[in-house]
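Each chain, written out:
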Amino acid sequence: MFLTLLYTLFPVTAAIAGAGVALFRQPGEKVMSLIHHFTAGVIFCAAATEVLPGLKQHSMMAVVAGGVTGVVLMMLIQHFGEKAASQKGMLIAIGLDIFIDGLVLGISFASGVKTGIILTLALTLEILFLGLSVVEELRALLGSAFKVLLAVTGIALLLPAGAMAGAPVADLGEFWLTYFLSFGLVALLYLVTEELLVEAHKGDRDTPLGTAMFFAGFMILMLIEEGL
């Protein structure tokens, strides 16, 4: 569990660093689109090469139940975020999303250290994007840069909290480990298809370079995975 907590410091630090950069100079839409594409490729690779293989030759009932739970929960969070009438409601939805990312990270470490490390790399990029993207809303809500950094830190710390909640899954038996791995797989794929790529393709952001960045992210993480 200590190892899991230690690795969560990387994405937490990335969120704070991203917020600091955005406070100094907010990246333009085209740059953000490239970041979205690259991050989506990295997370998709982590899901395909690390989480999915862990579900083979296990209980089909656990796989289906975990997958259905993941879809329903992620759709509810997205629905809540879209219906939220205030910036506070949107930030609560983001916080829930980050907590679930931490839960997936804790589950991944429960299934194997290598899987956990690969997921840490992927989620570090995702939460770096979080730091870059929420600064504008937080500044409008809180005002000062110091309060914005505190808020980003608080949101980012939900990731280690989720990881600590997910770490004990290894002690629950094979059925529940498979259930939660299936849940984690769906949560990651939902993040790629319904959040990162949707944001990346808004307006006129979609370019061949963006598509290339998606596959660059996929290939780079796959090479790192092979190296480990």
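Read on for a plain summary of the structure. (Residues numbered from 1 in each chain as written. Predicted model: local features only at pLDDT ≥ 70, side-chain atom pairs only at ≥ 80, totals over all residues. Heavy atoms only, no water.)

## Let's talk about the overall build of the protein
If you tally the helices and strands in the protein, you get ten helices and zero strands. For the protein, the N- to C-terminal ordering of α and β elements is α-α-α-α-α-α-α-α-α-α. Since a compact globule built from 228 residues should have a radius of gyration of about 17 Å, the 17 Å found for the protein is in line with a globular shape. Dimensions of the protein, computed from the C-alpha atoms along their principal axes, are close to 50 × 35 × 35 Å. For the protein, buried positions account for 45% of its 228 residues. Pairs at least 24 apart in sequence give 87% of the contacts found in the protein among residues at least 6 apart. (Helix = DSSP H or I, 4+ residues; strand = E, 2+ residues; numbered from the N terminus. Rg over C-alpha atoms; globule rule 2.2 N^0.38 Å. Buried < 20%, exposed > 50% of the residue type's maximum accessible area, 1.4 Å probe, protein only. Contact = heavy atoms within 4.5 Å.)

## Focus: the packing of helix α1 (residues 2-24) against helix α5 (residues 113-133)
Viewed as axis vectors pointing N to C, α1 and α5 meet at an angle of 20°, and their least axial separation amounts to 7 Å. With respect to their mutual orientation, α1 and α5 come out roughly parallel. Viewed along their axes, α1 and α5 form a crossing whose handedness is right-handed. Side by side, α1 and α5 meet where L3, Y7, F10, P11, A14, A15, G18, A19, V21 and A22 of the first sit next to V113, I117, T120, L123, T124, I127, L128, G131 and L132 of the second. (Axes fitted to C-alpha atoms, helices over the stretch in contact; angles between N-to-C directions. Parallel < 35°, antiparallel > 145°, perpendicular 65-115°, else oblique. Left-handed = near helix turned anticlockwise from the far one by under 90°.)

## Section: the nonpolar core
Residues I127 and L188 are the most contacted members of the largest nonpolar core, which totals 60 residues. The leading source of residues in this core is helix α9 (residues 174-200), at eleven residues. Residues contacting I127, with those up to four places away along its chain left out, are P11, A14, A15, I98, A156 and L159. (Core = buried A, V, L, I, M, F, W, Y, C linked by side-chain atoms within 4.5 Å.)

## Section: the packing of aromatic side chains
All told, the structure shown has nine aromatic pairs when counted by the stated rule. Between Y7 and F109, the ring centres sit 5.4 Å apart and the planes meet at 35°, which makes this aromatic pair tilted. Of this pair, Y7 sits in helix α1 while F109 sits in helix α4 (residues 87-111); the two residues are 102 residues apart in sequence, bridging distant segments of the chain. A relative accessible area of 21% means that Y7 is categorised as partly exposed. Residues F44 and F218 carry aromatic rings whose centres are separated by 6.0 Å and whose planes lie at 40° to one another, so their mutual orientation is tilted. In this pair, F44 is assigned in helix α2 (residues 29-51) and F218 in helix α10 (residues 208-227), connecting sequence segments 174 residues apart. For F218, a relative accessible area of 17% translates into the label buried. In textbook terms, an aromatic cluster arises when at least three aromatic residues are bridged by ring pairs, as seen for F44, F214, F215 and F218. (Phe/Tyr/Trp six-rings, centres within 6.5 Å; stacked < 30°, edge-to-face > 60°.)

The values reported here are purely geometric and, on their own, carry no functional implication.
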